[in-house]
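# Structure assessment
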Amino acid sequence: MVVKFKGCEEVKPSKPTWKGSLTLSEWDQVGTITHIPTIYFYKSNPNWVTPNDVIPNTLKDSLSRALVSFYPLAGRLRWIGGGRLELDCNAMGVQFIEAESDCKLEDFGDFSPSPEYNYLVPMVDYSLPIHELPLLLVQLTRFKCGGVSLSLTISHAVVDGPCALHFMSEWARLARGEPLEVPPFLDRKAMQGGDSSSRTAAKPPRLDHSEFDQPPLLLGQSDNVQERKKKTTVAMLRLSKDQLEKLKCKANDSYNLYNSNAPIGSTTKRGSYTRYETISGHIWRCACKARNHKAEQPTALGVCVDSRSRMQPPLPQGYFGNATFDVIATSHSGELVSKPLGYAASRIREAIEKVSNDYVLSAIENLKNQPDLTRFQDLHALGSDQGPFYGNPNLGVVSWLTLPIYGLDFGWGKEIYMGPGTHDFDGDSLILPSSDGDGSVVVALCLQVAHMDAFKKHFYEDCLQVAHI
C-alpha cells in the first residue's frame, strides 16, 4: 500500500487555556504510559462537498475548540525524577496529519489489523525527549474510492479508554455543530490518595497487591528477554451469540463449585459469570494449550477494571484521567486446562472482586511510597525489555464490551469499521462487541506466530464441544 503524506500541523486550543503543571496520579504513571491507537473507516458520503479541504478543516476547527475544554491533551509530559511524570499544560497542541492512498476501502477486506495499518496510524517518534512528544496525534487518510480513515493515538499516561472515547465523542459533537454534552472533570485529587504528610489524614488499609509483582516467567528461564523478541501475529476471532451462550452455559455449570466463598457485598451478579469472565477464561485456557505449557507452569492474566463506580463516592461524571485499575488473576496451566471453564472464570472474578475503594486507595498509597516507578511501567513501545511482561506464559485481556466505541459521527455518518490500530505485543488481547448488535463478539488477539494456529484450533473446537452438554 502506498500512502503519501500531504501535510502535518499542530492544532492548538482556539482560546487561551489554563497553563501550569498538572499533577498526575500514581495510577496515571504505571502500566502502559506510551500511546494507544484506534482507527475508524468511513465510506464516501454523497453529502461531502468540495473542495477537498472541507473535511480536514472541519476536523481541525472542531478539534481546536474541543481542546479548550480538554486542554490537558494539548500539553506535554515531563520527567521529574524517580520514574515519575507531570503534565505541563502549555497549549503546544496536538499533531494533525493529512495523507492519501491509492487503495480502496474494499482492499481492506474485514479490516483485520495488519502491517498496512502502520501507514494509517500516526507514528510516535519515541527517540525524541518525552517533553517534545504530542499527547494526541491524529491522521486523516483519503482513499481512491472517496472513503477516509481517521486514526488517533493518545497517551495512556494522561487518559484511559473511557476518557479517550469521551473526548472523541465530544469532538464529534462539536464537528456536527452541537455543544459539549459532558465537560471533562479535570481535578485528579480523587485518584491521588490522601496527604501522606499529614498526621491526621486517614490512612487506607495496607492490603496485598500482587498486581505490582512481576508476572511469572516460563519455567527454566531467568528472564523474558527471548520471549519478548519472538515474532507475533494478530487474529480477529468472532464468537457468535450462540457460541457465546454455549460457553457461558459451560462456565456456569461449575459456578457453585468455585463460588461458595464469594465476597459479601460483591458488585457482580451472583449465579452466573459475565461475558468478560467467560471469554477471558476461554482465552486463558486456549493459550495454555496452544503454548504447550507444562502442568506446573505458573501463569497470570491481566485484567483492567474500571474503578469509577467502585470508589466511595463514585468518581464524578466525565472524570478525565486513568481510573481503570489493573489486577491479575493467577493459576497454573495444568489446573486451567484440566478443570472446567468455570474454574478459569472464577479466578478472573476473584481478581475483579478485589477492586474496592479501599483496595484502590491502598494501591495508590503503595505506589506513592515507592522511590521509583520505573519497574511498574510498560515501555515495550520504546524498545525496553524492562517492566511487566504479559506475553508467554501470561496474557492481558482488555474489555471494550460495555464502552460506547461505535457511532462516531463527525457530520458525515457513522463509521463502517472501528477497531484497535497496530497491535503487536505477545499476549495482548481485546474483546469488542459486534458493531451490528447481533450479540456476537470479536476477540482481537496477538500471539507468537508459533502459537497462533494451535490457539485458533482450540478456540473454536472447545466451543463445538459445548454443544454436547
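Every value quoted in this text rests on a predicted model; they were computed, and no experiment measured them.

Scoring rules and cut-offs
- Residues numbered from 1 in each chain as written.
- Predicted model: local features only at pLDDT ≥ 70, side-chain atom pairs only at ≥ 80, totals over all residues.
- Heavy atoms only, no water.
- Helix = DSSP H or I, 4+ residues; strand = E, 2+ residues; numbered from the N terminus.
- Rg over C-alpha atoms; globule rule 2.2 N^0.38 Å.
- Buried < 20%, exposed > 50% of the residue type's maximum accessible area, 1.4 Å probe, protein only.
- Contact = heavy atoms within 4.5 Å.
- Areas by Shrake-Rupley, 256 points an atom, 1.4 Å probe, with all protein chains shown as cover.
- Lys, Arg positive; Asp, Glu negative; His and termini not counted.
- Charge placed at Lys NZ, Arg CZ, Asp CG, Glu CD.
- Pairing = 2+ DSSP bridges.
- Axes fitted to C-alpha atoms, helices over the stretch in contact; angles between N-to-C directions.

### Overview of the overall build of the chain
Looking only at helices and strands, the chain has 10 helices and 17 strands in total. Here the chain has a C-alpha radius of gyration of 22 Å; the compact-globule value for 469 residues is 23 Å, and the two agree. Across the 469 residues of the chain, 54% fall into the buried class. Considering only contacts in the chain between residues 6 or more positions apart, those separated by 24 or more positions represent 80%. Accessible area for the chain stands at about 20600 Å²; split by element, carbon and sulfur atoms hold 51% of it. Averaging the positions of the 48 positive and the 53 negative side-chain charges in the chain gives two centres separated by 2 Å.

### Examining the sheet that holds strand 9 (residues 148-155)
Sheets are built from strands that pair by backbone hydrogen bonding, the pairs being arranged parallel or antiparallel. Spatially, six strands are ordered 1-7-8-9-4-15 in an open sheet, and the strand pairing comes out mixed. Each of the sheet's edge strands pairs with one partner strand only, and the pair in question is strand 1 (3-11) and strand 15 (417-420). On average, adjacent strands in this sheet sit at an angle of 15° to one another, irrespective of strand direction. In terms of strand pairing, strand 8 (residues 136-142) meets strand 9 through seven bridges, oriented antiparallel. Residue pairing in the sheet places Val-138 in a bridge with Leu-152 of strand 9. Most of the contacts of helix 1 (residues 54-69) go to strand 7 (residues 94-101), to which it runs at about 165°, and overall it touches strand 1, strand 7, strand 8 and strand 9. Here helix 2 (residues 161-175) sits on the sheet in contact with strand 4 (35-42), strand 8 and strand 9, set at roughly 135° to strand 9.

### Things to note about the pairing of strand 14 (residues 395-399)
The two faces of a sheet get side chains in turn, since along a regular strand they alternate between them. Two strands pair when backbone bridges link them, and strand 11 (residues 298-306) and strand 14 are joined in this way by three bridges, in the parallel orientation. Among the inter-strand pairings, Val-303 is bridged to a residue of strand 14, identified as Val-397. Note that strand 14 and strand 16 (residues 428-433) share four bridges and pair parallel. Across the sheet, Ser-399 pairs through a bridge with Ile-431, a residue of strand 16.

### What about the pairing of strand 6 (residues 84-89)?
Here strand 6 lies mainly inside the structure; six of its six residues are buried. Along strand 6, one buried face is formed by Arg-84, Glu-86 and Asp-88 and the opposite face, lined by Leu-85, Leu-87 and Cys-89, is buried too. In this sheet, strand 6 lies alongside strand 2 (residues 20-23) in antiparallel orientation, the contact comprising four bridges. Following the sheet pairing, Gly-20 is matched in strand 6 by Cys-89. One ladder, built from five bridges, connects strand 5 (residues 76-81) with strand 6; its direction is antiparallel. Counterpart to Leu-77 in the pairing with strand 6 is Leu-87. What sits between the antiparallel neighbours strand 5 and strand 6 is a turn of two residues, in which Gly-82 has the positive phi angle 65°.

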